[in-house]
Amino acid sequence: MLIAVDASLFLFLNGLHAPYWDTFMYAFSQVAVWIPFYAALLWLMVRTWRRESVWVVLAVVLCIVLADQVASGLIKEWVQRPRPTHTAGLQELVHTVNGYRGGRYGFVSSHAANTFGLALFCTLLFRDKWYAWSLFLWAVVTSYSRIYLGVHFPGDILGGTLVGLGAAWLCYYLLRSFRPQAVQRSDLPRAWFQYLPLWVLAATVLVIAVYSAF
């Protein structure tokens, strides 16, 4: 029953496509596009936490690696649920972009795990509403792009989201337990560079939007 509902919801969401959004979602889903944003986040952590930034960055790296490996290295191989593009009786109905079909298995989504893990960890770390709203919106659009591109069911996204949130809570708890002074300094300073990563994030989205129009 749940699988049928998941497939029906997928077909509805995947069917909402247009040439502009094909280009936009394909670009938005690419990991390399967000390297400047990741670099800006790293720079902000180092600039803000100074010596303690080593522990903060290690916690972030652990969060991403844990979320990614649990999603891709453990659950996907254990559950072995085919992606929509590899599901018999469904793959002919899937809208794909640029021939992209992904690997064989899709549960759970590592994109959802990684982005939601980073969003929650930074929300707990920065304690700033602008980061919370911006990063979770970024995670939602990234995750939706995987449905749009036809490589994940909504259930894959939900599962990946839960994995990412769990990894973020665990890594933040470890950081708070073993390096409490880093967490105590987690309020962002009132300085010009405070929101630089969000400006880089917004600029990247704008570039993708303009690029998709041509």
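Residues numbered from 1 in each chain as written. Predicted model: local features only at pLDDT ≥ 70, side-chain atom pairs only at ≥ 80, totals over all residues. Heavy atoms only, no water.

*Asks:* Mind showing me how you'd approach the overall build of the protein chain here?
*Replies:* Within the protein chain, the secondary structure is distributed over nine helices and zero strands. Its helices and strands in sequence order give the protein chain the pattern α-α-α-α-α-α-α-α-α, from N to C terminus. Computed over the C-alpha atoms, the radius of gyration of the protein chain is 18 Å, within 12% of the 17 Å expected from 2.2 N^0.38 for a compact globule of 214 residues. For the protein chain, the spread of C-alpha atoms along the three principal axes comes to 55 × 40 × 25 Å. Here the protein chain holds 214 residues, and 46% of them are scored as buried. Put simply, of all contacts in the protein chain between residues at least 6 apart along the chain, 83% involve residues at least 24 apart. Distance between charge centres in the protein chain, computed from 15 positive and 9 negative side chains, equals 11 Å. (Helix = DSSP H or I, 4+ residues; strand = E, 2+ residues; numbered from the N terminus. Rg over C-alpha atoms; globule rule 2.2 N^0.38 Å. Buried < 20%, exposed > 50% of the residue type's maximum accessible area, 1.4 Å probe, protein only. Contact = heavy atoms within 4.5 Å. Lys, Arg positive; Asp, Glu negative; His and termini not counted. Charge placed at Lys NZ, Arg CZ, Asp CG, Glu CD.)

*Asks:* Which parts of the structure should I look at to understand helix H1 (residues 2–14)?
*Replies:* Turn by turn, an α-helix covers 3.6 residues, leaving residues three or four places apart pointing in a common direction. Taking 1.5 Å per residue, 13 residues should reach 18 Å; H1 reaches 18 Å between its end C-alpha atoms and fits that length. Of the positions making up H1, those classed as buried are Asp6, Ala7, Phe10, Leu13 and Asn14. The buried side chains of H1 occupy one side of the element, clustering within an arc of 130° when seen end-on. In this structure, the buried side of H1 is in contact with helix H6 (129–148) and helix H7 (154–178). (Expected span 1.5 Å × (residues − 1). Arc of directions from axis to C-beta.)

*Asks:* Looking at this structure, how should I read the pattern of salt bridges?
*Replies:* Oppositely charged side chains may form a pair once their charged atoms are brought near each other. Summed over all chains, the structure comprises three salt bridges. Residues Asp6 and Arg81 are paired through a salt bridge, measuring 2.9 Å at the closest nitrogen-oxygen approach. Of this pair, Asp6 sits in helix H1 while Arg81 sits in the loop between helix H4 (53–79) and helix H5 (110–126), and the two are 75 residues apart along the sequence. What makes Asp6 buried here is its relative accessible area of 11%. (Salt bridge = Lys/Arg side-chain N within 4 Å of Asp/Glu carboxyl O.)

*Asks:* How do you make sense of the packing of H6 against helix H9 (residues 196–212) when you look at a structure like this?
*Replies:* Geometrically, a packed helix pair is captured by the angle between its two axes and the distance between the axes. Relative to each other, H6 and H9 sit at 30°, their axes nearing to 11 Å. Between H6 and H9, the angle falls in the class roughly parallel. Note that H6 runs across H9; the crossing there is left-handed. Between H6 and H9, the residues in contact are Trp130, Tyr131, Ser134, Leu135 and Trp138 and Leu196, Pro197, Leu198 and Leu201, respectively. (Axes fitted to C-alpha atoms, helices over the stretch in contact; angles between N-to-C directions. Parallel < 35°, antiparallel > 145°, perpendicular 65-115°, else oblique. Left-handed = near helix turned anticlockwise from the far one by under 90°.)

*Asks:* Would you mind showing me how to read unusual backbone geometry here?
*Replies:* Negative phi characterises most residues that are not glycine, and trans characterises most peptide bonds. With an omega dihedral of 10°, the bond running from Phe107 to Val108 counts as a cis peptide bond. Along the chain, Val108 falls in the loop between H4 and H5. In this structure, Arg50 is a non-glycine residue whose phi angle is positive, near 55°. Along the chain, the position of Arg50 falls in the loop between helix H3 (35–49) and H4.

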